[in-house]
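This is what each chain is made of:
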Amino acid sequence: MEMEESLFIAAPQQAVWDALNDPGMLQRCIPGCTAITRKSPDEMLAKVHINIAFVQKDIVARLQHQHRSAPDRLTLVGMVGQRATGTSQIVLEPAPGGTLLTYKIKASINVSFATLGSFVINKTAKRLSGEFFARLAAELQKAHA
């Protein structure tokens, strides 16, 4: 599954950058996230309750920050064992009154969830990605109103 979207966030570029690197902010914005533990400056473990069609499951995902170029771009990589991986390349650009955030996501799911069908998985991945970035925008706009 691949997708690319852009959204305007009414907050300065540095604030958006800081939020993308803050475990507390990530926990508030990741749908179903109940806890995030930082393992190193570039790696965290996230406990997440997922709901895909009729499957509900608690998972632990490994989140990594890669290819950081503050405050302009970074890559977030999420992995659930060897079964599921997702990469989000994020670009931040200053814009009048805030920041333009563009993200490009690539995700692949290999075993157990694959029985649900790619349509359901892709639709859910797009929904969860959209929810994450919408929550991030709302949190930042609230803080910088």
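Note that the coordinates shown come from a computational prediction; the quantities given were computed from them, not determined experimentally.

Q: Describe the packing of aromatic side chains, listing the residues and the values that go with them.
A: Under the definition given, this model contains two aromatic pairs. A centroid spacing of 3.9 Å and a plane angle of 15° characterise the contact between tyrosine 103 and phenylalanine 133, whose relative ring orientation is stacked. Of the two residues, tyrosine 103 is situated in strand E7 (residues 98-109) and phenylalanine 133 in helix H3 (residues 118-143); the sequence distance between them amounts to 30 residues. As far as burial versus exposure is concerned, tyrosine 103 and phenylalanine 133 are alike and both buried. A ring pair is formed by phenylalanine 132 and phenylalanine 133, whose centres lie 4.8 Å apart and whose planes are at 80°; its orientation type is edge-to-face.

Q: Which residues make up unusual backbone geometry, and what values do they have?
A: The residue after alanine 70, namely proline 71, is reached through a cis peptide bond having omega -15°. Mapped onto the fold, proline 71 is located in the loop between strand E4 (55-69) and strand E5 (73-80). Despite not being glycine, histidine 67 shows a phi value in the positive range, around 50°. Relative to the helices and strands, histidine 67 resides in strand E4.

Basis of the calculations
- Residues numbered from 1 in each chain as written.
- Predicted model: local features only at pLDDT ≥ 70, side-chain atom pairs only at ≥ 80, totals over all residues.
- Heavy atoms only, no water.
- Phe/Tyr/Trp six-rings, centres within 6.5 Å; stacked < 30°, edge-to-face > 60°.
- Helix = DSSP H or I, 4+ residues; strand = E, 2+ residues; numbered from the N terminus.
- Buried < 20%, exposed > 50% of the residue type's maximum accessible area, 1.4 Å probe, protein only.

Don't take any of this as a statement about function, it's just geometry.
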